[in-house]
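Tertiary structure, described
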Amino acid sequence: SEPAFDPKEIARLRDERLDEIARSLDEPRIVANLRLLEAIFGPTHPYGRPEGGRKEEVERIDAPAVRAFHRRHYTPRGATLVLVGAVEPRTLRNRLDAAFRRWTATRTARPTVPPRPQAPAHGVLAVQRPQSPQSEIRLGGLGIPRRHPDYFAFKVANAIVGGLFNSRVNMNLREEKGWTYGAYTRFETHRAAGPVYGTVAVDTAATAEALDEFVAEIEGLTARPPDDDELRLATNALTLSLPRLFETAAQVAAQVAEQVVYELPDDYWTRYVRRIRSVTTEQVVRVAQRYLRPDRWAFVVVGDVEPHLPRLARHGDVTVEPFGRPL
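What you are looking at is a predicted structure, and each value in this text was computed from that prediction instead of being measured. (Residues numbered from 1 in each chain as written. Predicted model: local features only at pLDDT ≥ 70, side-chain atom pairs only at ≥ 80, totals over all residues. Heavy atoms only, no water.)

Each helix and strand counted, the chain has 13 helices and 6 strands in total. Scored against the burial criterion, the 327 residues of the chain give a buried share of 40%. Partitioning the contacts of the chain with sequence separation of at least 6, the portion at a separation of at least 24 is 80%. Carbon and sulfur atoms make up 52% of the accessible area of the chain, which totals about 18,500 Å². (Helix = DSSP H or I, 4+ residues; strand = E, 2+ residues; numbered from the N terminus. Buried < 20%, exposed > 50% of the residue type's maximum accessible area, 1.4 Å probe, protein only. Contact = heavy atoms within 4.5 Å. Areas by Shrake-Rupley, 256 points an atom, 1.4 Å probe, with all protein chains shown as cover.)

Following this line, the structure appears as structure tokens:
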């Protein structure tokens, strides 16, 4: 509870982070990911900013700043200690009382997520990287918070369209077209609504066609609802794999911590399988119509984009920028 925060060590770690930021400018995958989040949430929103900070922000970090952050946020108020193992409750309580007795702090306000400052930017950001052999493609928009009532239906819908190896986008772009090693969709849930997005890296020649096919598969979840076999395959994948989340003490602790952070009920994991298996085709179509909306999404393409600009414009106004702009 009383770390030293040696100035030399802080400076070393800060410089390491600055090197990572500089290297990330040469990684098309990272550039595409960060540009998409910036487009969805805006550059000033916490969810639209790089987790590791921007160069000018990291440069200002020193030992006094780290100490002040630690004093303000590393307090026992509102904290939960999660322990998993063969422990005797009374003995454990005595040890914890002895270890943490001196750790005190005044109550601090719980951090809140500010409102998204802008609507997600609909259009195409094309980042020109001359002679790039591949294009990194991202497309996405606003999803849902972790405790949203549509969470389980959204999870099944995502599994069908792009969350599994045998999902629709991967079967199309990888297995049928042979353009990529993998095409997927994901959604992230936080206290506030997180992003839902698609990701794929393809040969440069297939850039525009791959984006067209990706969009068609997402939109097709509404036009071609999953049949019973497809729905069963998705729910089996999401439920039969559940025991793997509880194989070690560390994994059990992580799942309990998730319940704490997102204030999930005590019986959340007991009811998880039943809630996944109760999702219907009608619910999948409903959440697809509401959230899987490429006509409202942002698109990012990083690669040798110039030959593909006219076709990329089918998905919205195109903005071109050079590769290497600071993140």
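Here we take up the sheet that holds strand β6 (residues 318–322). The strand order across the open sheet built from 6 strands is β3-β4-β2-β5-β1-β6, with neighbouring strands paired in mixed fashion. Whereas interior strands pair on both sides, the edge strands pair on one side only; in this sheet they are β3 (183–187) and β6. The mean inter-strand angle of the sheet, taken between neighbouring strand axes irrespective of direction, is 15°. The pairing of strand β2 (residues 134–142) with strand β5 (residues 298–303) spans 5 bridges and is classified as antiparallel. Its bridge partner lying in β5, Leu139 is registered against Phe299. (Pairing = 2+ DSSP bridges. Axes fitted to C-alpha atoms, helices over the stretch in contact; angles between N-to-C directions.)

Another point: the side chain of Gln128. Position of Gln128 relative to the elements: it lies in strand β1 (residues 123–128). Here Gln128 falls in the buried class, since its relative accessible area comes to 12%. A polar atom in the side chain of Gln128 sits 3.0 Å from the side chain of Asp304. A polar contact of 2.8 Å, which involves the side chain of Gln128, links it to the backbone nitrogen of Val305. Setting aside chain neighbours within four positions, we find Gln128 in contact with Gly303, Asp304, Val305, Glu306, Val320, Glu321, Pro322 and Phe323. (Polar contact = N/O pair within 3.5 Å; in protein donor to acceptor, adjacent residues only side chain to side chain.)

This next bit is on helix α1 (residues 7–24). For α1, which comprises 18 residues, the first-to-last C-alpha distance of 26 Å matches the rise-based estimate of 26 Å (1.5 Å per residue) to within 8%. Turning to α1, its buried residues are Ile10, Leu18, Ile21 and Ser24. Along α1, the residues classed as buried sweep out an arc of 120° about the axis, all on the same side. Facing away from the buried side of α1 by more than 90 degrees, the exposed set consists of Lys8 and Arg23. Buried residues along α1 sit in contact with α2 (28–41), α3 (55–58) and α4 (63–73). (Expected span 1.5 Å × (residues − 1). Arc of directions from axis to C-beta.)

What follows deals with unusual backbone geometry. Its identity as a non-glycine residue notwithstanding, Phe5 has a phi of 50°, on the positive side. Its place among the elements puts Phe5 in the segment before α1. Here the phi dihedral of Gln131 falls at roughly 60°; this positive angle occurs in a residue that is not glycine. If you trace the backbone, Gln131 turns up in the loop between β1 and β2. Look at Gln131 and you get exposed, because its relative accessible area is 77%.

All right, on to the pairing of β3 then. Burial along β3 is one-sided: the residues Ala183, Thr185 and Phe187 are buried and none of Tyr184 and Arg186 is. As paired elements, β3 and strand β4 (residues 195–203) share 5 bridges and run antiparallel to each other. Bridging from a neighbouring strand, Thr185 pairs with Gly198 of β4.

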